[in-house]
Amino acid sequence: MALLTIASRFREVFDSTDTLRTPPTAVNVATGPARPRLICFPSLSALSGPHEYARFGSSLQGLRDVWVLPNPGFLPREALPATLEAFVSAQAAAALGCSGDEPFVLLGRSAGGWVAQAVAEYLERAGVRPSAVVLVDTFAGDSVSGAEDGPALSPMTVGMLDKAAQFASAETDRLMAMAGYLDRFSGWEPSELSAPTLLVRAGDGLPGIEAAEPWSLPHSEVTVPGDHFSVLEEHARTTALAVHAWLSEHRSP
């Protein structure tokens, strides 16, 4: 991981929304009448992208609008953010553009939950309050502070590398992007939001991997079938409907 981190620092970067020449295009994976709409962020692994939410979106088709905002830098010739602030401000602007002036919820799976949380913090400081933040098996603690073999980083990195070994899609650009984003988030600490937070916890652990520290900020919690990966794979429907039900129960009057 250290070599990938060093290599990522030689990638082209953008330092503001204005210098991001080709912002990633939001992908619509479901439409439906329920509000607020969901704006989702992929994880930060080398295999991440909008496809992570294909089954999740399919499960909410006809119920609720679901959009996915890719993280820049995973595709060839895409620039990485120079700083965490540049990344968060760019994704915040993209989320506002995706919201269509309607209420919205920010959702992230795994380390994508860090993105959802950081974007929500940025927007609240700017006077824009998301309806909620949903974290799908997201953990803080050692993973955010940059400890490469901390308990929360293991399922997001070791498990991802196991999967990457099985597929040709873990290209060098993607591996460097993953390392670059973990580097950007090193030392980041989430802070309490005024928007309500839901943690969707995977009911099953990953074999041989120590359980990570729970999300320490105030939140509601629901446990769903599956492990860190399968909650958005074979168990995606259960996860999607759990999120939909919670949002329906906690929607603003």
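Everything numeric here is computed off the predicted structure, so don't read it as measured data. (Residues numbered from 1 in each chain as written. Predicted model: local features only at pLDDT ≥ 70, side-chain atom pairs only at ≥ 80, totals over all residues. Heavy atoms only, no water.)

The helix and strand tally for the protein stands at eight helices and eight strands. Relative to its 253 residues, the protein shows a buried fraction of 54%. Contacts in the protein between residues far apart in sequence, at least 24 positions, make up 80% of those at least 6 positions apart. About 10,900 Å² of surface is accessible on the protein, with carbon and sulfur atoms providing 53% of the total. (Helix = DSSP H or I, 4+ residues; strand = E, 2+ residues; numbered from the N terminus. Buried < 20%, exposed > 50% of the residue type's maximum accessible area, 1.4 Å probe, protein only. Contact = heavy atoms within 4.5 Å. Areas by Shrake-Rupley, 256 points an atom, 1.4 Å probe, with all protein chains shown as cover.)

So, about the confidence of the model for the protein. The predicted model of the protein has a mean per-residue pLDDT of 84, with 82% of residues at 70 or higher. Scored below 50 in pLDDT, residues 142–155 shows 38 contacts in the model against residues more than four places distant or in partner chains. (pLDDT = per-residue confidence, 0-100.)

What follows is about the environment of P33. The topology assignment puts P33 in strand β2 (residues 27–41). Not counting residues up to four positions away in its chain, the partners in contact with P33 are G62, L63 and R64.

Throughout the structure, instances matching the rule amount to seven salt bridges. The salt bridge partner of R201 is E221, with a shortest N-O separation of 2.8 Å. Placement of R201 in strand β7 (residues 197–202) and of E221 in strand β8 (residues 220–224) is noted, with a sequence separation of 20 residues between them. Residue class for E221 comes out partly exposed when judged on its relative accessible area of 41%. Linked through salt bridges whose partners overlap, the residues forming this network are R35, R37, D65 and E102. (Salt bridge = Lys/Arg side-chain N within 4 Å of Asp/Glu carboxyl O.)

So, about the packing of aromatic side chains. Following the criterion strictly, the structure yields six aromatic pairs and no others. Linked through ring pairs, F74, F87, W114, Y181, F185 and W188 together constitute an aromatic cluster. (Phe/Tyr/Trp six-rings, centres within 6.5 Å; stacked < 30°, edge-to-face > 60°.)

Right, let's get into the side chain of N71. Structurally, the position occupied by N71 is in the loop between β3 (64–68) and β4 (80–81). What makes N71 buried here is its relative accessible area of 5%. In this structure the side chain of N71 is engaged in a polar contact, spanning 3.3 Å, whose partner is the backbone oxygen of P42. There is a polar contact of 3.2 Å between the side chain of N71 and the side chain of Q91. Among all residues touching N71, those that are not within four sequence positions of it are P24, F41, P42, S43, L44, E78, F87, Q91, V115 and Y181. (Polar contact = N/O pair within 3.5 Å; in protein donor to acceptor, adjacent residues only side chain to side chain.)

Right, let's talk about the nonpolar core for a bit. Of all hydrophobic cores here, the largest spans 37 residues; its most connected members are L106, V119 and F185. For this core, the secondary-structure elements that each account for two or more residues are β2, α3 (84–99), β5 (104–109), α4 (112–125), β6 (132–136) and α7 (172–185). Here this core takes seven residues from α4, the largest share from any one element. When residues no more than four places from it in sequence are discounted, the contact partners of V119 are F41, V88, Q91, A92 and L106. (Core = buried A, V, L, I, M, F, W, Y, C linked by side-chain atoms within 4.5 Å.)

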